[in-house]
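# Survey of secondary and tertiary structure
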Amino acid sequence: MNLFMVVIAVGVVLTALKWPFKTALFPMVIGITVFFMSFAELLLSLFGREERGKKQSAIDFKLSEDVDKAVALRRTLLTFGWIIGFFLFILFFGFSIAVPLFVFLYIKLYGKEKWVISVTMAVMSWFFFYGLFVWLLDTPFEEGLVLKVLKAIVIG
Amino acid sequence: METMKTMVDACIGGLLINLQLWPFIYMLIGCAIGFWVGILPGIGGGTTLALMMPFIYKMTPQEAFPFLLGMHSVVQTTGDITSVLFGIPGEATTVATIVDGFPMAKKGEAGRALGAVLMSSLIGALFGAAFLAFTIPIVRPLVLAFGSPEMFMLILLGLTCISTLSGHGKRGLLLGLMSGGFGFLCSLVGQDRQAGVLRFTFGQLYLWNGLSIIPVVIGLFAIPEIIDLAVRGTGIAGNVPFGKLGKGVKDGIKDTFRHFWLTIRCSLIGSLIGILPGLGGGVAQWVSYAHATQSAKTEEERAGFGKGDIRGVLGPGAANNSKEGAGLIPTVAFGIPGSSGMAVLMGAFFLLGIVPGPDMLTKHLTLTYSMVWTIVLANIIIVAVCLLFINHLANLTTIRGSLINPVVLLLCFIGAYTSNNDIGDLIVLMIFGGVGYFMVRFRWPRPPFILGFILGKLAETYLYSSTTRYGAAWLIRPKVIILFCIAAAFALYPFIQKRFRKADLGEPDKI
Amino acid sequence: MKRQILCLIIAFFILTVFVSSKPLLAAPYYEGKLINIVVGYSPGGGYDRMARLLAKHLPKHIPGKPTVLVQNMPGAGSLIAANHIYNIAKPDGLTIGTFNRGVPFAQLLKAEGVKFDITKYSWVGSTAVEAAVLALRTDLPYKTFDDVLKSKSPLMIGSAGGPSDSNTQFIILLKEFAGLNAKMIDYPASAEVMLAVEQKEVDGRGASYSSIKPFIERGLVRPLIRSRVSEPGIENLPVDENFTTNIKGKTIMAMRSAPEKIGRPYVAPPGTPADIMNILRDAFAKVAKDPELIEDAKKNMMTIEYVPSGECLKVLNYILNQPEDIVKEFGKYIKF
C-alpha cells in the first residue's frame, strides 16, 4: 500500500512539472509531502518496531477477524469477482437485464437459496429498478454491448 | 420593538400558512418523496428538486414551498438511516454517520443507533430552523463577514479535523495525513481553474470535471463493508436473532438527551458551516464528528470511535440536519444559493414570482417563516413515522447476507450511476471500492481521505482568490487570525488532551 | 357507349376519393412518439431549465403532439452530450440536443475529445441570445466604461469557471486589448462571486445579461459594456471592440462574442431528413411566440428569441473560417 502511494506521489510530481505555476502548485506541494510521508511510512513498516502498530488504531472499522483466514480470502476474492461480474453484465447486457440476472445468479449460486426465493428477489429487484428509475425518473441507461452488436447485425 | 412585533407576527403567520389544508398536504407529499430520496443512495436532494419543478408550475408559493422544502429537509434525516443500516451513504452528507452507526448495526445495536440518529436529526433540524428564524435580523452582516480569506481558513479548519480523525499515536497521524493527502490529490483531477489545463484525466472526457463524490464515497465506504459481510457469511447484525432490535430504540433516544449538549454543539457547528455557500454539506458532518471524538476523555475512549460509539452517531446526525436551515439563509437573504439543491430552490422562487433577496426579509417575511416551520413540521412528522417503523427497519439487519448483499450491491451500482449517467461512474465505484478495501486492510483511515477530497479543490480556489485579491495582506485580517487559532487548537487538541491527562495522573501525591 | 361513360365516371370517382383520402389516411410522423432532449448539463442549470421549459410547451406545436422529455448527460463542458448526438443518436427526429454555446471553440481550438463537426449537425436553431456584460457595483464611482479606463488602481473582477467560461474570456479580452486594468479573482461558482460582490470583496464581474438581470434590477450592479451581440435592454451600452485599435483584437472580440447569438443551441443528429427538420424548426419558431411559454419564461427570468438555423450556421462559419494566424492569437486567450 505504501509502495503504491510512493509511486503515485512520484507520478503526480512528475506530471505536474510540465504545468504552469499556478496549476502545478498544489499537486506539487501535496505530491511532495505525500511522497515523503509514504516513504517514511514505508521505512517504518519495514524496519520499525512491530509492537507500536497494535496500539495505533485508526478511527475506522476493522475487517472481521473471527473467520478463518483461508475462508476469508476465498470469500473476498469471490465477492470481488461477483462485483466485477455485475459490472460486466451491465456493460454487456444493459441495466435492465443485468439487474435481475445478477440478483438471481448471486442468490442462487453463491447463496445457494431455493429457486422460489431467488426468482422472487430477482423479479422484485427488477420491478424496483424499472419502476423507480426508468418509469418514474426517466434515467437514461445504456443498452449493453451485446444488444448493440445484435441490433447492428440485424439492421446491417 | 417594531421589528420584534413584525417578527412575531410573521412567525405566527408562517405557522398558520403551513397548517392550511393544501400546503399541509403538499408538505406531506414532499416528505414522502424526500423519505425515499434520502434512503436511496446516490439519488440526491438537488437532482430530485430539479425533477419536481414541473409539478410546482400550478401551485401558489404557499403550497410550493412546503412541498419542495418538505422534501429537501427530510432527505438528511432518512439518509442517515441507510448509512446506519447498510453502511452505504444515503447522501453525500450522511457519510460520517456510517463510521460509528454501521459498526453499531453490526453489533446488533441497529435499533439504538437508529433511535439516536433520528432523534439527533430532529434536534439538529429544529436547531437549524431556530437558527434561521432568529438570525434573520442579523443575517446580512453575518454572511457578509466571511470573505475569501476567511473561507480559506475555514477550509483549513476542516482539514485540521484530519488530525483528529486520524487515530492516535504518531503512526496513526502519519497514516491520517497521507490519507488526507491522497484525497486531496484525487480532488485535483479535472480541468484546472487557473489555466484550463486538464489534470490527471488520462484522456477521458468523463474525468474533465473531476471525480464525482457519490461513486467515490459509495465505493470507498460501502464496498469494503459488502466484502466483509460476504466474508462473515452472516447478516449485517451478526447472529443476533430476529425481532430483538427494536428495544434499543428507546436507548438511542435517551442517549441523545444524555449527551444533549454535545448534540447541541454539533448542531451549532452544522449551522455555522451551513451558512456559508459552498462549504456546507460535506464539511459540516466531519467537523462535528471530529468534535464528538474530542469529547472522549481518555485514549481508550477515543479508540472506541469507529467501533460504535453513540456519540459518533449523534454528532453528524445533528449537523447534517442543522445545516439545512442555515443553508436557506444565503439563498433567501441574498439570492445566493448555498448548495446545488438551493440553486434549484431559487429557480422555484423565480418561477413563483418571488425574488430572493432583501425582500424576503421584509415584504415576504411570513413566507420565510413558513419555510422555517416547514422544516420543523416535516422533520417532526418524518421522525415520528420512522420511529413507528423502526422495528422493521432495524430487523433488516438480521436478514442473511446472501440475500441482502446483492440488494445492497444493486443500490450501490444504481446510486453511483445516477451521478453522471455514465458507465464511468461504475468504474470509479469499483476502483474506489478496491482502494477502500486496501485502505481498511492496511489500517489507513478513510475519513481523512474524504475530507481531503471534498476540501482540496475548494482550498486551492480560495487560496488563489485570497492571494490575488489581497496580496499577502489577507494573512493579518483579524477573523483570519482567530480562525487560524481555532484551527490550530483543533489540530493540537488530541496532544493537549494527552498532556493534561498525564499531568492529572501525575498529580495524586500532591494533596 | 353509355356503359363506357359509366365506367369512366366510376373510375373518376374512385380516383378522386383515393387521391383526396391520402392526406386523411397518413398520420403525422410524430404521433404517439417520444422526443428526447439531451442536455449537456445537470438538472437545475440554465441549459437544463430552458430544455424543460421547451419540453413543456413544444408538444402542442408539433403535429401529432408527441411527448417531449429531458435527458441529462453532463460532463466535459457538454462535449459528452455533443459527441453523443453526433455519433450515437439516430437521425430520426426523436433525439435533439443542447450543449454549451462555447462548443464551436472546442472545435476551433482542436480541443481533446471533440468527435464532431459542428456545422454538420442538423441545426434546429437557438432559443435565446445570451449576451455578456461587465457589471460593476453601483456604489462605485464608475458610471461608464471610460471612467473605468481612467481608474488608477486595478479593478477587482470576480469570475467563476476559469478560462473556458465565456464571460471570463470577455474580461480577459478587455484586459488584453481595451486596456482594462483589472485583477481576476476566481471563485468556485457563480453564487460565490455574487456573494463576493455583496461583500465588496470584488468590484464586479462579467456575466451573461440574463443571469445578472435580477441583480441589476435590485440595484446592486450596473452594466457598463457589452460585446458585439446584444439583447433588448443593453443595446445602448458601448461595445468592447470600439475600445481597441488592434485589428486582430477586434476580430478576436467579435469571434468570442459570436456564439452568444446561438445562446441556447439546439441540434439534431447529422443526416436527419429535411421534412422532419422542417417540422422541428417550425415548432421551435412557433413555440418562441407562444404566450404561455413567454409567461413561464418571464417567471423563470429567461427571455426567448428564436434564432433560425441559417443564422446559426452563418455564425459558425464565421468562427471556423478564420485564418490561421487569428486562430493562433485567439487560442492564447481563449481556452475550452
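These numbers were taken from a predicted model, which means no experiment stands behind them.

Secondary structure summary: chain A contains six helices and zero strands in total. Along chain A, helices (α) and strands (β) appear in the sequence α-α-α-α-α-α when read from the amino end. A total of 156 residues make up chain A; the buried ones form 38% of that total. Partitioning the intrachain contacts of chain A with sequence separation of at least 6 by distance along the chain shows that 51% fall at a separation of at least 24.

Time to look at the overall build of chain C. When helices and strands are counted, chain C shows 13 helices and eleven strands. Each of the three principal axes of chain C carries a C-alpha extent, and together these read 105 × 45 × 35 Å. By the burial criterion, 58% of the 336 residues in chain C qualify as buried. Taking as baseline every contact in chain C between residues at least 6 positions apart, the subset at least 24 positions apart corresponds to 80%. With 41 positive and 33 negative side-chain charges, chain C shows a separation of 5 Å between the mean positions of the two kinds.

Okay, the pairing of strand 5 (residues 132-137) of chain C next. All names here are of chain C. Among the six residues that make up strand 5, six are buried, leaving the element largely enclosed by the rest of the structure. Bridge count for strand 5 against strand 8 (residues 204-208) is five bridges, and the pairing is antiparallel. Bridging across to strand 8, L134 finds its partner in G206. Looking at chain direction, strand 5 and strand 9 (residues 221-226) are connected through five bridges and run antiparallel. Residue pairing across strands places A135 opposite P223, the latter belonging to strand 9.

Structurally, R446 of chain B can be placed in the loop between helix 19 (423-441) and helix 20 (447-470). For R446 of chain B, a relative accessible area of 1% gives the class buried.

The subject of this paragraph is unusual backbone geometry. All names here are of chain C. Positive phi is not limited to glycine here, since K65 has a value of about 45 degrees. Tracing the chain through its elements places K65 in the loop between helix 2 (46-57) and strand 2 (67-72). The exposure class of K65 is exposed, given its relative accessible area of 58%. Look at K110: it is not a glycine, yet its phi comes out positive at around 55 degrees. Looking at the element boundaries, K110 is found in the loop between helix 4 (103-108) and strand 4 (122-126).

Our next topic: the sheet that holds strand 7 (residues 182-187) of chain C. All names here are of chain C. The strand order across the open sheet formed by five strands is 7-6-8-5-9, and the pairing between neighbours is mixed. Edge positions in the sheet fall to strand 7 and strand 9, since each has one partner strand and no second. Neighbour-to-neighbour, the strand axes of the sheet open up by a mean angle of 35 degrees, direction not taken into account. In this fold helix 8 (residues 209-218) packs onto strand 5, strand 8 and strand 9, with an angle of close to 130 degrees to the strand it touches most, strand 8.

The next thing to look at is the packing of aromatic side chains. Under the defined criterion, the tally for this structure stands at 25 aromatic pairs over all chains. Seen from their ring centres, F127 of chain B and F131 of chain B are 6.4 Å apart, and the 20 degrees between their planes marks the pair as stacked. Here F127 of chain B and its partner F131 of chain B are both found in helix 6 (residues 110-135), four residues apart, which amounts to about one turn of the helix. Members of the aromatic cluster, connected to one another through ring pairs, are W82, F86 and F102 of chain A together with F413 of chain B. In this structure, K33 of chain C is placed above the aromatic ring of Y29 of chain C, and the distance from its NZ or CZ to the ring centre is 4.4 Å.

The next thing to look at is the state of the cysteines. Throughout the structure, instances matching the rule amount to zero disulfides over all chains. The cysteine C31 of chain B is free of any disulfide, with C386 of chain B supplying the nearest cysteine sulfur at 10 Å.

All names here are of chain B. Running from amino to carboxyl end, helix 4 (residues 61-86) crosses helix 5 (residues 96-106) at an angle of 50 degrees, the nearest separation of the two axes being 6 Å. Here helix 4 is positioned oblique relative to helix 5, judged by the angle of their axes. Helix 4 and helix 5 meet at a crossing whose hand is right-handed. Together, D80, S83, V84, L85 and F86 of helix 4 and T97, I98, G101, F102 and A105 of helix 5 make up the contact between the two elements. Grouping the constituent residues of the contact of helix 4 with helix 5 by class yields six nonpolar, three polar and one charged.

Taken as a whole and assessed by the stated rule, the structure comprises 20 salt bridges over all chains. Residue R112 of chain B is joined to D255 of chain B by a salt bridge in which the shortest nitrogen-to-oxygen separation is 2.7 Å. Remark: D255 of chain B occurs in helix 11 (residues 248-258) and R112 of chain B occurs in helix 6; sequence separation between them is 143 residues. Residue classification places R112 of chain B among the partly exposed positions, given a relative accessible area of 22%. The class of D255 of chain B is buried, set by a relative accessible area of 1%. Across the pair D147 of chain C and K150 of chain C runs a salt bridge whose closest N-O atoms are separated by 4.0 Å.

All names here are of chain B. Axis separation between helix 6 and helix 12 (residues 260-275) bottoms out at 9 Å; the angle between their running directions is 50 degrees. Considering their axes alone, helix 6 and helix 12 lie oblique with respect to each other. As helix 6 runs across helix 12, the sense of the crossing is right-handed. For the pair helix 6 and helix 12, contact is made by S120, I123, G124, F127, G128 and F131 and by F260, T263, I264, S267, L268, S271, L272 and I275, respectively. Among the residues making up the contact of helix 6 with helix 12, the classes are represented as eight nonpolar, six polar and no charged.

Below, the discussion takes up the nonpolar core. Of all hydrophobic cores here, the largest spans 221 residues; its most connected members are L211, W286, L328, F349, F413, F432 and F449 of chain B. For this core, the two domains that each supply at least three residues are domain 1 (2-50) and domain 2 (69-155) of chain A. Those residues in contact with F349 of chain B that lie beyond four places of it in its chain are F65, T331, V332, I354, P356, M360 and M371 of chain B. Membership of the second largest hydrophobic core comes to 60 residues, among which are F177, L180, C312 and L316 of chain C.

With that out of the way, let us pick up helix 6 of chain B. Along its 26 residues, helix 6 of chain B runs 36 Å from first to last C-alpha, staying within 8% of the 38 Å computed at 1.5 Å per residue. Across the 26 residues that make up helix 6 of chain B, a large majority, 21, are buried.

All names here are of chain C. Most of strand 4 sits inside the fold, with five of its five residues counted as buried. Pairing of strand 4 with strand 10 (residues 265-268), which is carried by four bridges, proceeds in the antiparallel orientation. The partner of S126 across the bridge, within strand 10, is P265. The pairing of strand 4 with strand 11 (residues 307-308) spans two bridges and is antiparallel. By the bridge assignment, S126 is partnered in strand 11 with V307.

Here we have six strands laid out as an open sheet, ordered 2-1-3-10-4-11 (chain C), and mixed in their pairing. Both outer strands of the open sheet, strand 2 and strand 11 of chain C, are each paired with one neighbouring strand and no more.

Our focus in this paragraph is the environment of A487 of chain B. All names here are of chain B. Here A487 shows up in helix 21 (residues 478-506). Given the relative accessible area of 3%, A487 is considered buried. Distance in space between the C-alpha atoms of A487 and G312 is 20 Å, their sequence separation being 175 residues.

Our focus in this paragraph is helix 2 of chain C. All names here are of chain C. Across its twelve residues, helix 2 extends 17 Å between first and last C-alpha, which sits within 8% of the 16 Å expected from 1.5 Å per residue. With nine of its twelve residues buried, helix 2 lies for the most part within the structure. Of the residues making up helix 2, those classed as buried are Y47, D48, M50, A51, R52, L53, L54, A55 and H57.

Before going further, it helps to spend a moment on the environment of L429 of chain B. Residue and element names in this part refer to chain B. Locating L429 in the fold gives a position in helix 19. By relative accessible area, L429 is classed as buried at 0%. For the pair L429 and I218, spaced 211 residues apart in sequence, the C-alpha to C-alpha distance is 6.8 Å.

Below, the discussion takes up a nonpolar patch on the surface. On the surface, a cluster of nonpolar side chains totalling about 460 Å² of accessible area is made up of I84, L88, F92, L145, V146 and L150 of chain A. Sorting the residues of the nonpolar patch by element identifies helix 4 (69-110) and helix 6 (145-155) of chain A as the ones contributing at least two each.

Residue and element names in this part refer to chain A. Confidence in the prediction for chain A averages 72 pLDDT; 74% of positions are at 70 or higher. Ranking the helices and strands of chain A by mean pLDDT puts helix 4 first, with 80, and helix 3 (residues 50-55) last, with 46. In the predicted structure, residues 51-59 sits below a pLDDT of 50 and forms 24 contacts with residues beyond four places in sequence or in another chain.

Reading guide: rules and limits
- Each chain carries its own residue numbering, running from 1 in the written order of its sequence.
- Chain A is the first chain written and ligand 1 is the first ligand written, with later ones labelled in order.
- Note on the predicted model: pLDDT of at least 70 is required for a residue's local features to be given, and 80 or more for side-chain atom pairs to be given and counted; whole-chain, interface and lining totals, by contrast, use all residues.
- The side-chain quantities take in all heavy atoms of the structure and omit both hydrogens and water.
- Counting from the N terminus, the helices are the DSSP runs of H or I reaching at least four residues and the strands are the DSSP runs of E reaching at least two.
- Working definition: with a 1.4 Å probe on protein chains only, accessible area under 20% of the residue-type maximum means buried, over 50% means exposed, and in between means partly exposed.
- Contacts: residue pairs with any heavy atoms within 4.5 Å of one another.
- Two residue types count as positive, namely Lys and Arg, and two as negative, namely Asp and Glu; His and chain ends fall outside the count.
- We put the charge of a Lys on NZ, of an Arg on CZ, of an Asp on CG and of a Glu on CD.
- By this definition, two strands are paired if DSSP reports at least two bridges between them.
- Inter-axis angles, ranging from 0 to 180 degrees, are taken between N-to-C directions of lines fitted to C-alpha atoms, where helices are fitted over the stretch in contact.
- Any two of the Phe, Tyr and Trp rings considered here, Trp counted by its six-membered ring, make a pair once their centres fall within 6.5 Å; the pair's planes then place it as stacked at under 30 degrees, edge-to-face at over 60, or tilted in between.
- By definition here, charges over rings are those cases where NZ of Lys or CZ of Arg is within 6 Å of the ring centre and within 35 degrees of the ring normal.
- Throughout, a disulfide means two cysteine sulfur atoms within 2.5 Å of one another.
- These descriptions rest on fixed angle ranges, namely under 35 degrees for roughly parallel, over 145 for roughly antiparallel, 65 to 115 for roughly perpendicular, and the rest for oblique.
- Helix crossings fall into two classes, left-handed where the near helix is turned counterclockwise from the far one by less than a right angle and right-handed where it is turned clockwise.
- Gly is put with the polar residues, along with every residue not named as nonpolar or charged; the nonpolar set is Ala, Val, Leu, Ile, Met, Phe, Trp, Tyr, Cys and Pro, and the charged set is Asp, Glu, Lys and Arg.
- For this analysis, a salt bridge means a side-chain nitrogen from Lys or Arg found within 4 Å of a carboxyl oxygen belonging to Asp or Glu.
- The nonpolar core is taken to be a set of buried Ala, Val, Leu, Ile, Met, Phe, Trp, Tyr and Cys residues, with the residues joined through side-chain atoms within 4.5 Å.
- Domain ranges listed in this record stem from an automatic or a database domain assignment.
- The span you would expect from a helix comes to 1.5 Å times its residue count less one.
- A patch is a set of surface residues, each over 30% in relative accessible area and not in a salt bridge, joined within 9 Å for like charges and within 5 Å for the nonpolar side chains Val, Leu, Ile, Met, Phe, Trp and Tyr.
- What sets the accessible areas is the Shrake-Rupley method with a 1.4 Å probe; for residues, cover comes only from the shown protein chains.
- Residue-level confidence of the predictor is what pLDDT reports, using numbers from 0 through 100.

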